[in-house]
Amino acid sequence: MTELNQERWAIEATGLAKHFGENRAVDGVDLKVKKGTIYGVLGPNGAGKTTTIRMLTTLLKPDGGTARVLGYDIVKDADQVRQRISLTGQFASLDEDLSGMENMVMIGRLLGFSRKDAKKRAEELLTAFDLFEAAKRQVKNYSGGMRRRLDIAASIIVSPELLFLDEPTTGLDPRSRNQVWDIIRLLVKAGTTVLLTTQYLDEADQLADRIAVIDHGKVIAEGTSGELKASVGTGKLHVRVFDPEIRAKAAEVLEQTIQTEVQLGTDPLVLTAQVSDTKLVSKALLAFEDANIAITDFSLGQPSLDEVFLTLTGKPADDQTKEEAAE
Amino acid sequence: MSKVNQAEAIEKALSNRARPKKASALSTCLTFSGRMLLKIKYVPEQLFDITAFPVIYLLMFTYLFGGAIAGSTAAYLQFVLPGILVMTVVMITMYTGIELNNDIKKGIFDRFRTLPIWNPSVLVGALMVDLVRYSIASTIMLVLGYILGFRADGGFGGIVLGLLILLLFAFSVSWIWTTLSMIMRSEKSLLAVSMMILFPTTFVSNVFVAPETMPSWLEAFVDVNPISYLVRAVRGFMEGTPDYQAVAWVSVISLGLIVIFGPLTMYLYKRK
Ligand SMILES: Nc1ncnc2c1ncn2[C@@H]1O[C@H](COP(=O)(O)OP(=O)(O)OP(=O)(O)O)[C@@H](O)[C@H]1O
Ligand SMILES: [Mg+2]
């Protein structure tokens, strides 16, 4: 039964490292991803997300550390790993010159389907992903959202046990983003394990069972989104009053109900406060009503990635490229 | 499609967990060949080099040198056509590397490399389509040559054998370009290096003139130049006087190139 126990983990990485010259792109990453879950890797530009994925998908040999994917070593058993995983890269892993259908049939054939079966499977997936109309068009003429969906469709022609998605929603509009989220949730429901990278905390929050925050090639925090947020605080309450005259009064009322310091924004209508208990926030709304204070906006913002980083590292998330340019 | 329907369709598509048997190496090579043919379908201008080069080269060299070297263009054509055929096809092989150098930067290669397939099939498939391109170029040149008065004493069989040995060599040489295309970062530098190798080796050979007319130090180089062996082999078959020694050498050189540059290409491909 030890065999089965081992199989609980889709990914087990210890001390994974990759250096490009002096640049320690990935500098000792430990990851444990349980089967059947969504795992989010959260980090700013240049944090090492793509490099980590490229090692786990056998595209890059690590300079240090080891990793087992679905029980197979990523270096020694690369072939076994490849048979069980799929990758949707950060930049479309599709042939731009070919049509959507031609891409799907080609990949189906490479996976061992007969021409007829590859075509059938392609039609099934293209229809499901709302791409059938565009199937005959060259991929270079697709919109960003269509490209992403096709990319994911191509990754599940043979349902993989483990799917890697590198920034699946970067650059998508909210509607396309929601479509991709829905698809990811359905994938996991159907039994696939997903590892995705993202730059957005709310995306990781929405989808991932567990999250690793990485920066400068190191995991700086790991846990469920609840655990991470608890360490950061729930977020920022943002109130906009109707009339600047009543802002002082509103601040007083708010301070009393949520029992934390309230900041007055530079905008004469705006009040903000860092809150940790969401129950108090709903009370504040009632308190405004009782005090007859007219407000035009009342929202509780998720802590941004910047706030998470600020709390975890004591400095804001920075773009490494900017930093490098400055050096 | 409504949202609910779509969710259902996706779930249905996902529930289909059919896992076909691993594709054979031959089948994946053919699929990659198909990919290259589709690209030609979308951009037929790609065929320009293989149609224009044979015509330009044959006309240019026959009429430029014919009178001076052999006294008459008719006699020169008879001598020079197999040589120009070799030169043209070997020149065209260079485009294999350039195409690959461009192609490999694209995201689709990440997907290819994570598929459980016989890795070299990406390249072998592309080279198989290139063999078709070389054959088209050769056919165009031979037809034009026939119109201009070229007659092969070796007959149709001689022409076919000549083409086969030429294609074998072209396929092998292509692996040099695939290796270089993995090393070179830009298309421009790749083109420069390829030209630097190809120009001297094709011109300083027996393509245009018989080596006996050259100074002895040059003759020595021409005699060991692999292109010279290839020209002797092709000329021999087409003239009906097969030069088996040259054929043997060309075969050995070709296999040598594949054995060295094939694995080298794959080694570099995997690390890229
Ligand atoms: N092939 C390479 N050669 C040299 N340096 C590289 C290479 N690939 C990545 N790097 C460097 O490694 C670091 C991590 O890059 P990586 O692409 O993994 O970041 P990322 O988290 O995916 O960023 P992004 O959000 O921008 O995609 C960066 O500093 C990058 O410049
Ligand atoms: Mg990246």
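Residues numbered from 1 in each chain as written. Chains lettered and ligands numbered in written order. Predicted model: local features only at pLDDT ≥ 70, side-chain atom pairs only at ≥ 80, totals over all residues. Heavy atoms only, no water.

Chain B goes by Transport permease protein in an unreviewed UniProt entry, where it is assigned to Natronobacillus azotifigens. According to its UniProt record, chain B has this under Sequence similarities (unreviewed entry): "Belongs to the ABC-2 integral membrane protein family." (UniProt positions renumbered as here; feature names shortened; annotations may be inferred.)

If you look chain A up in an unreviewed UniProt entry, it shows as ATP-binding cassette domain-containing protein from Natronobacillus azotifigens. In its Sequence similarities (unreviewed entry) section, the UniProt entry covering chain A states "Belongs to the ABC transporter superfamily. Drug exporter-1 (DrugE1) (TC 3.A.1.105) family." The heading Subcellular location (unreviewed entry) in the UniProt record of chain A holds the text "Cell membrane".

### Here's the deal with helix α6 (residues 144–155) of chain A
Helical geometry: 3.6 residues make up each α-helical turn, so side chains three or four residues apart lie on a common side. In a regular helix each residue adds 1.5 Å, so 12 residues correspond to 16 Å; α6 of chain A covers 17 Å between its end C-alpha atoms and thus fits that length. Here α6 of chain A lies mainly inside the structure; 10 of its 12 residues are buried. The complete set of buried residues in α6 of chain A reads Gly145, Met146, Arg148, Arg149, Leu150, Asp151, Ile152, Ala153, Ala154 and Ser155 of chain A. Among the structural elements, β6 (85–88), α4 (100–110), α5 (115–128), β7 (162–166) and α7 (174–189) of chain A together with α5 (108–114) of chain B are those in contact with the buried residues of α6 of chain A. (Helix = DSSP H or I, 4+ residues; strand = E, 2+ residues; numbered from the N terminus. Expected span 1.5 Å × (residues − 1). Buried < 20%, exposed > 50% of the residue type's maximum accessible area, 1.4 Å probe, protein only. Contact = heavy atoms within 4.5 Å.)

### Topic: the sheet that holds strand β12 (residues 262–264) of chain A
Residues and elements named next belong to chain A. Pairing in this open sheet of four strands is antiparallel, and the strands run β12-β13-β11-β14 from one edge to the other. Pairing within the sheet leaves two strands with one partner each, and these edge strands are β12 and β14 (295–301). Looking at each pair of strands side by side, their axes are set apart by 20° on average, direction ignored. Here six bridges tie strand β11 (residues 235–241) to strand β13 (residues 270–275), and the two strands are oriented antiparallel to one another. Residue pairing in the sheet places leucine 237 in a bridge with alanine 273 of β13. (Pairing = 2+ DSSP bridges. Axes fitted to C-alpha atoms, helices over the stretch in contact; angles between N-to-C directions.)

### What to know about the UniProt feature "transmembrane region" (unreviewed entry) in chain B
Residue and element names in this part refer to chain B. Per the UniProt record, "transmembrane region" (unreviewed entry) is annotated on residues 47–69, 75–96, 117–148, 154–177, 189–209 and 246–269. Annotation note: span residues 75–96, helix share 100%, strand share 0%, distance between end C-alpha atoms 34 Å. Taken end to end, residues 117–148 is 88% helix and 0% strand, and its two terminal C-alpha atoms sit 48 Å from one another.

### Digging into the pattern of salt bridges
Taken as a whole, this structure holds 30 salt bridges over all chains when the rule is applied. The salt bridge involving aspartate 63 of chain A is made with lysine 18 of chain A; its shortest N-O contact spans 3.5 Å. Of the two residues, aspartate 63 of chain A is situated in the loop between α2 (49–56) and β4 (64–69) and lysine 18 of chain A in strand β1 (residues 9–20); the sequence distance between them amounts to 45 residues. A residue is classified by how much of its surface remains accessible, and aspartate 63 of chain A, at 45% relative accessible area, is partly exposed. Classification of lysine 18 of chain A by relative accessible area gives buried; the value is 10%. The closest approach of N and O atoms between aspartate 151 of chain A and arginine 111 of chain B, which form a salt bridge, is 2.5 Å. Taken together, the residues span two chains, with aspartate 151 of chain A in helix α6 and arginine 111 of chain B in helix α5. For aspartate 151 of chain A, a relative accessible area of 0% puts it in the buried group. Note on arginine 111 of chain B: relative accessible area 2%, which makes it buried. A single network of salt bridges, built from pairs that share partners, joins Asp95, Asp97 and Lys140 of chain A together with Arg35, Lys39, Asp103 and Lys106 of chain B. (Salt bridge = Lys/Arg side-chain N within 4 Å of Asp/Glu carboxyl O.)

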